[in-house]
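Residue-level structural notes
Spelled out from the first residue to the last, the chains are:
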Amino acid sequence: MGNRAYLFVFALSGIIAAGCHSDHNDHKEPEHVDDKEKHADEIVFTHEQAEAAGLRTETVKPAEFRFVIKTGGQILAAQGDERTIAATASGIVTFAKTTTTEGSAVKAGETVVGISAKTLQDGDPAVKAKAAYEAAKKELRRADKLVSDKIISEKEFEQIRLAYETARAAYQGTAGSVTAKGVSVSSPITGYIKSLLVNNGEYVNVGQAIAVVSQNKRLTLRADVPEKDFKDLHSIKSANFKPAYENTAYSLDRLNGRLISYGRTATANSAFIPVTFEFDNIGSFVAGSYADIYLLSDRRDNIISVPLSAITEEQGLKYVYLQAGHDIFRKREVTTGMSDGKRIEITKGLKTGDKVVTTGTYQVKMAASSTSIPQHSHNH
């Protein structure tokens, strides 16, 4: 009986001990799960990785932000910034330089083309103009004596004098530019050849356009604004624009830009209203190219915004990456508002003091897919 009692007490002690061990595990496991959930959204991005990616961050703080109308438009040459070179004689065109192409630099007074008609059936107009002038000059001298002696009437004399003036004007129009190769035509301004309108060896008539020269000092930005935004055009003050051939957005405020005018009616055969700016060509802007334009109007205070480079997009949702520690980052979904071409308004998801990645965003995003959180192991 004593042995049976001993065995029963031993068995009961084992059950109690097993129950205590089970309670201990039930208490610890939730702590492990909580710790895992706590670090599940952490992205490890080391100092070495950050340096390689050129990572930069910006501390979020409310600031001034402008009302924006996003539209499209075109970069054009400013009025008075271009001059057309026209033929001063009829004949065959020969370029002064074999390297003359669109984009070539020219100086005021520099010969661009020569025009010759020596090989044509009608002869060289420059030679003919000189001969006509010399003949008209002799005729006027003779008529001057005849009218003094009352041999010809004043009316006849005036007709002879008119013929002389006409011949003189025609001759002087080419006299100063006649060379062995024909009549030279020079550039009226210093700039570059924007467009060549004739080919080497082509025949031209007097007054025909040969080339367009642009100084390219000032450019015009024309925004085509939809009619629905007409009511807001009176408040437009400036603009940012991004040329179609690059990803950089430029600010007119930094290019000595100014608003010239905005239309009161839509353009012909179009539902758009033109808004025109002028700015300095400080850079390599291409006149005639198209651009995305962000019209800036009324200023708004206490707006949270981040550079466009901070935003990533996945399946229609937008995210930023926040620096949570020395090597720790977190992904945060945000809701965006207007963009001025450089920064974008954040209406939900960020608060003052958040540290947002602005450069190296893509590298952090790639690290997010490869970062693994160590798992705790248990030995039973």
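Just above sits the structure.
Residues numbered from 1 in each chain as written. Predicted model: local features only at pLDDT ≥ 70, side-chain atom pairs only at ≥ 80, totals over all residues. Heavy atoms only, no water.

1. Overview of the environment of Asp340
Tracing the sequence through the fold places Asp340 in the loop between strand E22 (328-339) and strand E23 (343-348). The spatial distance from the C-alpha of Asp340 to the C-alpha of Lys70 is 7.7 Å, given a sequence separation of 270 residues. Among the polar contacts listed, one links the side chain of Asp340 to the backbone nitrogen of Lys342, at a separation of 2.9 Å. (Helix = DSSP H or I, 4+ residues; strand = E, 2+ residues; numbered from the N terminus. Polar contact = N/O pair within 3.5 Å; in protein donor to acceptor, adjacent residues only side chain to side chain.)

2. Let's talk about the sheet that holds strand E10 (residues 191-196)
Pairing in this open sheet of four strands is antiparallel, and the strands run E4-E12-E10-E6 from one edge to the other. Every interior strand has two partners, whereas the edge strands, strand E4 (82-86) and strand E6 (105-106), have only one. In the sheet, E10 pairs with strand E12 (residues 209-214) via four bridges, with the strands oriented antiparallel. Bridge assignment links Tyr192 to a residue of E12, and that residue is Ser214. (Pairing = 2+ DSSP bridges.)

3. Some remarks on the side chain of Thr276
Within the fold, Thr276 resides in strand E17 (residues 272-280). Its relative accessible area of 17% is what places Thr276 among the buried residues. Apart from the residues within four sequence positions on either side, Thr276 is in contact with Thr220, Leu221, Arg222, Arg258, Leu259, Ile260 and Ser261. (Buried < 20%, exposed > 50% of the residue type's maximum accessible area, 1.4 Å probe, protein only. Contact = heavy atoms within 4.5 Å.)

4. Examining unusual backbone geometry
Both trends apply: most residues other than glycine have a negative phi, and most peptide bonds are in trans. One non-glycine residue with positive phi stands out, namely Asn256, at about 55°. By the element assignment, Asn256 lies in the loop between strand E15 (250-251) and strand E16 (258-262). A relative accessible area of 52% means that Asn256 is categorised as exposed. The phi torsion at Asn302 lies on the positive side, around 55°, for a residue other than glycine. Judged by relative accessible area, Asn302 falls into the exposed class, the value being 63%.

5. Observations regarding the pairing of strand E3 (residues 63-77)
Pairing geometry for E3 and strand E18 (residues 290-303), over ten bridges, is antiparallel. Looking at the pairing, Thr71 lines up with Ile293 of E18. Where E3 lies against strand E13 (residues 218-226), six bridges are found, and the strand directions are antiparallel. From the neighbouring strand, Gly72 faces E13, where its bridge partner is Asp224.

6. Focus on the sheet that holds E15
The strands making up a sheet associate through backbone hydrogen bonding, with each pair oriented either parallel or antiparallel. Here we have seven strands laid out as an open sheet, ordered E15-E14-E18-E3-E13-E17-E16, and antiparallel in their pairing. Because the sheet does not close on itself, it has two edges, and the strands there are E15 and E16. Pairing geometry for E13 and E17, over nine bridges, is antiparallel. In the sheet register, Asp224 faces E17, and the bridge partner there is Pro274.

7. Examining the pattern of salt bridges
All told, the structure shown has 20 salt bridges when counted by the stated rule. With a closest N to O distance of 3.0 Å, Lys331 and Glu314 form a salt bridge. On the criterion of sequence distance, the pair formed by Lys331 in strand E22 and Glu314 in strand E20 (residues 312-314) is long-range, its members being 17 residues apart. Its relative accessible area of 33% is what places Lys331 among the partly exposed residues. Since its relative accessible area comes to 24%, Glu314 is described here as partly exposed. Here Arg332 ties to Asp354 by a salt bridge, and the two come within 3.7 Å at their closest N and O atoms. With Arg332 in strand E22 and Asp354 in the loop between E23 and strand E24 (355-359), the pair connects residues that are 22 residues apart, well separated along the chain. Because the salt bridges share partners, they merge into one network encompassing Arg218, Arg258, Glu278 and Asp280. (Salt bridge = Lys/Arg side-chain N within 4 Å of Asp/Glu carboxyl O.)

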